[in-house]
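Take a look at the letters that make up each chain.
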Amino acid sequence: DLTLLKSKFRGSMLGVLTGDCLGHPYEGDELLTSGMKIILQKYFDKLEGPPYKAPAMQFTDDSVMTRSIAQSLIEKRQLDLLDIAKRFVKSYYEEPNRGYGPAVMTVFEKLRANRFSDLFTPAKEQFNGQGSWGNGGAMRITPIALFSHQNIDLLLEMTRKETQLTHTNKIGVDGAILQAIAIRQSLLLNPDNELDVKQFIDDLISQMDTIEFDEEGLGLVEPKPYKIQLSLVKTLISEGEAANAEKVVQKLGTSVAALYSVPTAIYCFLRAQNQIEGIITDNPFRRTIQYAISLGGDTDTIGGMAGALAGAFYGDKIINPAILKHLEASEEFQLLGEKLSDVTLSQ
Ligand code: 8NA
Ligand code: MG
Ligand code: MG
Ligand code: MG
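The model shown is predicted, which means the values in this text are computed figures rather than measured ones.

**Q** What exactly am I supposed to notice about the coordination of the magnesium ion (ligand 4) here?
**A** Geometry sets the ideal angles at a metal, namely 109.5 degrees for four tetrahedral donors and 90 or 180 degrees for six octahedral donors. Bound to the magnesium ion (ligand 4) are the protein donor atoms Glu27 (OE), Asp298 (OD), Asp300 (OD) and Thr301 (OG1), situated 2.0 to 2.3 Å from the metal. Each of the six donor atoms bound to the magnesium ion (ligand 4) contributes to angles spanning 78 to 170°, and the resulting shape is octahedral. Going along the chain, you hit the donors of the magnesium ion (ligand 4) in the pattern E-x270-D-x1-D-T.

**Q** Hey, could you run me through the site of ligand 1 in this one?
**A** The immediate surroundings of ligand 1 are formed by 22 residues, with Glu27, Gly99, Ser132, His167 and Asp298 found nearest. Within the side chain of Asp298, a nitrogen or oxygen atom sits 2.5 Å from an oxygen atom of ligand 1. Separating an oxygen atom of ligand 1 from a side-chain N or O atom of Asp300 is a distance of 3.1 Å. In the complex, 80% of the free accessible area of ligand 1, which totals 830 Å², lies under the protein chains. For ligand 1, the cavity whose grid points lie within 2 Å of the majority of its atoms is the largest pocket.

**Q** Just checking my understanding: could you explain the coordination of the magnesium ion (ligand 2) for this structure?
**A** Protein coordination at the magnesium ion (ligand 2): the donors are Thr60 (OG1), Asp61 (OD), Asp62 (OD) and Asp300 (OD), at 2.0 to 2.3 Å from the metal. All donors of the magnesium ion (ligand 2) belong to a single chain; written as a sequence motif, their spacing is T-D-D-x237-D. Taken as a pair, the magnesium ion (ligand 2) and the magnesium ion (ligand 4) show a spacing of 3.6 Å, with Asp300 coordinating each metal. Judged by relative accessible area, which is 6%, Asp61 ranks as buried.

**Q** Before we go on, may I ask you to explain helix H10 (residues 170–188) in this structure?
**A** A rise of 1.5 Å per residue sets the reference length of H10, with its 19 residues, at 27 Å; its end C-alpha atoms lie 27 Å apart and thus fit the reference within 8%. Most of H10 is tucked away: 16 of the 19 residues are buried. Of the residues that open H10, the one with a side-chain oxygen 2.9 Å from the backbone nitrogen of Ile171 is Asn169.

**Q** I'm lost on the environment of Asp29 in this one. Help?
**A** Secondary-structure assignment places Asp29 in the loop between helix H1 (2–23) and helix H2 (34–48). C-alpha separation for the pair Asp29 and Gln250, spaced 221 residues apart in sequence, amounts to 15 Å. In this structure Asp29 touches Met36, Gly296 and Gly297, once residues within four positions along its chain are discounted.

**Q** Explain the packing of aromatic side chains to me, please; I cannot follow it from the model alone.
**A** The description of two aromatic rings rests on the distance between their centres and on the angle between their planes. Counted under the stated rule, the structure contains ten aromatic pairs. With 5.1 Å between their ring centres and 35° between their planes, Tyr92 and Phe108 make a pair best called tilted. In this pair, Tyr92 sits in helix H4 (residues 81–94) while Phe108 sits in helix H5 (residues 104–113), placing the two residues 16 residues apart along the sequence. For Tyr92, a relative accessible area of 7% gives the class buried. A centroid spacing of 5.9 Å and a plane angle of 70° characterise the contact between Phe269 and Phe313, whose relative ring orientation is edge-to-face. Separated by 44 residues along the polypeptide, Phe269 in helix H14 (residues 262–271) and Phe313 in helix H16 (residues 299–314) bring together distant segments of the chain. Pair check on accessibility: Phe269 and Phe313 agree, each one buried.

**Q** Mind showing me how you'd approach the packing of H4 against H5 here?
**A** For any two helices packed against each other, one specifies the inter-axial angle together with the distance between the axes. Packing of H4 against H5 brings their axes to within 10 Å, and their N-to-C directions diverge by 110°. Between H4 and H5, the crossing angle belongs to the class labelled roughly perpendicular. Considering the relative orientation of H4 and H5, their crossing is left-handed. Facing H4, whose interface residues are Ala85, Phe88, Val89, Tyr92 and Tyr93, H5 presents Met105, Phe108, Glu109, Leu111 and Arg112.

**Q** Would you mind showing me how to read unusual backbone geometry here?
**A** Across the chain, the bulk of peptide bonds are trans and the bulk of non-glycine residues have phi less than zero. Its identity as a non-glycine residue notwithstanding, Phe127 has a phi of 50°, on the positive side. Looking at the secondary structure, you find Phe127 in the loop between helix H6 (121–124) and helix H7 (136–139). When its relative accessible area of 44% is taken as the criterion, Phe127 is described as partly exposed.

Cut-off values and rules
- Residues numbered from 1 in each chain as written.
- Chains lettered and ligands numbered in written order.
- Predicted model: local features only at pLDDT ≥ 70, side-chain atom pairs only at ≥ 80, totals over all residues.
- Heavy atoms only, no water.
- Donors = N, O, S within 2.8 Å, 3.2 Å for Na, K, Ca; no water.
- Tetrahedral: all angles 85-135°; square planar, octahedral: opposite > 155°, others 65-115°.
- Near = heavy atom within 4 Å.
- Polar contact = N/O pair within 3.5 Å; in protein donor to acceptor, adjacent residues only side chain to side chain.
- Areas by Shrake-Rupley, 256 points an atom, 1.4 Å probe, with all protein chains shown as cover.
- 1 Å grid on protein atoms, 1.4 Å probe; cavity = no way out; pocket = protein on both sides within 12 Å on 5 of 7 lines; lining within 4 Å.
- Sits in = over half its atoms within 2 Å of the grid points.
- Buried < 20%, exposed > 50% of the residue type's maximum accessible area, 1.4 Å probe, protein only.
- Helix = DSSP H or I, 4+ residues; strand = E, 2+ residues; numbered from the N terminus.
- Expected span 1.5 Å × (residues − 1).
- Contact = heavy atoms within 4.5 Å.
- Phe/Tyr/Trp six-rings, centres within 6.5 Å; stacked < 30°, edge-to-face > 60°.
- Axes fitted to C-alpha atoms, helices over the stretch in contact; angles between N-to-C directions.
- Parallel < 35°, antiparallel > 145°, perpendicular 65-115°, else oblique.
- Left-handed = near helix turned anticlockwise from the far one by under 90°.

Laid out in structure tokens, this is it:
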């Protein structure tokens, strides 16, 4: 169903933007108190209510970098790392105050200094050669997941290469891969059928089992950190409403580390398939993002990643247009999703 698929492309792009814009004011906060959760509920109600005049909610680095990748794929019709790197750097220098991660700016400075003659060394040099394990790779991966959804090997290869422009630590790369696979799964499911949450997690676990392999081939029994986090997601889901926010945050985390934010975003999307106490809405897209923000921490990024999953599953028809009107660049993101679907489907 092409109409549905196109709607899912737009929905996923808008999901990133919505989570980013709405989550950004709460970024870095602790788990929201019950008072704060009521204010959040009223705030979402107001956004959905009769139109009112307010300055548009601003997006941050998450959306800027997502936009750069989408624009590049639309224009080049393939992964062009030089073009993406140039777009990252150009957008950063045009608007350096979009809330970038504190260390990633060094990568942009070095890329500019070497005039893009060496695309990968700057990222490799981060953190004394360890590379970044931040969630910056995962937060921007949506356009790549959409573009390559028909071919899982291509998806893995594109995700790995693109992420390594800024994040070379295996945890950072695998976090982007997990988010990309989860977006693909959401995209391929029919939203008219009830989502089989357990199956969704099991499919992710079996993929990560191969991805988190023993790279050196030493035959060591390696810990597979994402697999472990995903099994926690599964346990928490099976606990239903008994898994309160404190427990979710304690088990899954809400930090800028990919390992403690990508599984959290997946959990938010899956948990929001059902009603959640204190979140009063019949709209599961809104519920996903509102719940993600209520957990505190890296709210814009977890909200954006969870939003990308919800948008890829339901399509953009689920998103209340009144909310979109309050977001900076929502028309642009809708159009990027549209154009990206055209390019992808004409391949
Ligand atoms: P990054 O590469 O700068 O990583 C983010 C942070 O993670 C770093 O600044 C370090 O503190 C830490 N980190 C990552 N790798 C290592 C390592 N190997 N050793 C020690 N510390 C490490 O940038 P990014 O693009 O991954 O970051 C994305 C996040 O930054 C998103 O949340 C985005 O919205 C933005 N941001 C987040 C906050 C926040 O407080 N949550 C604030 C501003 C900006
Ligand atoms: Mg941000
Ligand atoms: Mg439907
Ligand atoms: Mg963030």
